[in-house]
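# Structural overview
Here is how the chains run, residue by residue.
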Amino acid sequence: MDREELKAIVAQMLRELAPAQTPPSPPPVKGAETAPEAPPDDGVLPDLTTVDLRAQYLVPNAAHGAEFRALKAKTPARLGLGRCGARYPTASMLRFRADHAAAQDSVFSLVPERFWEENHYPFVQTMCKSKDEYLTRPDLGRRFDEKNQAVLRDLLAGQRVVLAVGDGLSSAAVQANAPDCCAAIRQGLQAQGIELGPVPFIQFCRVGAGDHIGDLTDCEVICLLVGERPGLVTNESMSAYLTYRPHTGIAESCRTVVSNIHRQGVSAVEAGAHIASLIGRILAQKASGIGLREDGA
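On a predicted model such as this, the values are computed, not experimentally measured, just so you know.

## Observations concerning the sheet that holds strand β4 (residues 221–227)
Pairing is mixed across the open sheet formed by six strands, whose spatial order is β1-β3-β2-β4-β5-β6. At either end of the open sheet lies a strand with only one pairing partner, and these are β1 (123–125) and β6 (255–261). Adjacent strand axes in the sheet meet at a mean angle of 25 degrees when their direction is disregarded. Against the sheet, helix α8 (residues 209–217) makes contact with β2 (161–166), β3 (201–203), β4 and β6, and its axis sits at roughly 150 degrees relative to β4, the strand it touches most. Contacts from helix α9 (residues 268–285) reach β2, β4, β5 (238–244) and β6, with the element oriented near 175 degrees to β6.

Now the structure itself:
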């Protein structure tokens, strides 16, 4: 859903609500905003997604308002949305639709070419030929054709640790988090005496693409940064999948995962430092996933 479609929906809802009698609006909440009663003169609607859901509390005259606010401060879940009769108020409904549209956009949009060019990520592509094929044929997103196999062999030959970035199910996630996370990982590994080679960008990437890279390069560890399926809280969540001795057919339980890498979760830099530490432990213990011991013994 683009801006024009969203503006049309808002205008239609406001026209429908105008003649109706509505209950008094709840008192304003500090740090929260509500939907406008009429379109602004300049025709530009305020961005509802900038409202912090942790601070927005739309229940009037709440019996335990202070306690509920303390609860909301700990989660971005949609609590205390208020109601208008048996329905959600306009502000809550529009925010839901805006977040849903952002999630859909992240799934169906492509990472722009300038992203991998500006960050100097060599480009490769799985066997998927389009976004539609990627969404309907997960198996093709785990493999590379002969041309891209040759590129990966030449690019990553002799690398003990391979770091790669894949678009996954959220183009927004890798654009927002991958550059800073990669820089922190590289710096953390250099402190351990481990040098990284080039970082390829993989279009139409599934987690299993890292296993095929293991077949092609015989690397010890692969770290694949990939955009995760977006939800209504954020469309920018990225995860890191670390696998020791990756190969096609390896069990999912053999992966170590760092998830929720985004602004409201684990920051990209903090995650990168942690991932570099994990890679060192994986190399030392020669194991990942359920085989990796927490105590490092």
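Moving on from the coordinates now.
## Details of the side chain of Glu 220
On the secondary structure map, Glu 220 appears in the loop between α8 and β4. Note on Glu 220: relative accessible area 15%, which makes it buried. A distance of 2.9 Å separates polar atoms of two side chains, one belonging to Glu 220 and the other to Arg 160. Residue contacts for Glu 220: discarding those within four places in its chain leaves Arg 160, Thr 243, Tyr 244, Arg 245, Pro 246 and Leu 283.

## Remarks on the nonpolar core
Of all hydrophobic cores here, the largest spans 36 residues; its most connected members are Val 165, Ile 185, Cys 223, Leu 225, Ile 275 and Ile 279. Looking at this core, the elements with two or more residues in it are α4 (113–118), β2, α7 (171–191), β4, β5, β6 and α9. Examining the composition of this core, we find that eight residues originate from one element, α9, more than from any other. Every residue in contact with Leu 225, bar those within four places of it in the chain, is listed here: Leu 163, Ala 164, Val 165, Gly 166, Ala 178, Cys 181, Cys 182, Ile 185, Met 238, Ser 239, Ala 240 and Ile 275. Formed by 14 residues, the second largest nonpolar core is a distinct cluster that contains Val 124, Leu 152, Ile 213 and Leu 216.

## Examining unusual backbone geometry
At Arg 245, a residue that is not glycine, the phi angle is positive and equals roughly 50 degrees. Looking at where Arg 245 falls in the secondary structure, it is placed in the loop between β5 and β6. Relative accessible area serves as the criterion here: at 35%, Arg 245 is assigned to the partly exposed category. Here Lys 286, not a glycine, exhibits a phi torsion of approximately 55 degrees, which is positive. Of note, Lys 286 is situated in the segment after α9.

Basis of the calculations
- Within each chain, residue numbers correspond to sequence positions counted from 1 in written order.
- Predicted model: local features are reported for residues with pLDDT of at least 70 only, side-chain atom pairs are reported and counted for 80 or more only, and whole-chain, interface and lining totals are derived from all residues.
- The side-chain quantities take in all heavy atoms of the structure and omit both hydrogens and water.
- The pairing criterion for strands is at least two bridges between them, as found by DSSP.
- The helix count covers DSSP runs of H or I at least four residues long, the strand count covers runs of E at least two residues long, and both are numbered beginning at the N terminus.
- Comment: axis = line fitted to C-alpha atoms, over the contacting stretch for helices; angle = value between 0 and 180 degrees taken between N-to-C directions.
- Contacts are assigned to residue pairs with any non-hydrogen atoms lying within 4.5 Å of each other.
- Buried, partly exposed and exposed residues are distinguished by accessible area as a fraction of the type maximum, computed with a 1.4 Å probe on protein chains only: under 20%, between the cut-offs, and over 50%, respectively.
- Two N or O atoms form a polar contact when they lie within 3.5 Å of each other; inside protein one atom must be a possible hydrogen donor and the other a possible acceptor, and for residues adjacent in sequence the pair counts only when both atoms belong to side chains.
- What makes a nonpolar core is a set of buried Ala, Val, Leu, Ile, Met, Phe, Trp, Tyr and Cys residues whose side-chain atoms join them at distances within 4.5 Å.

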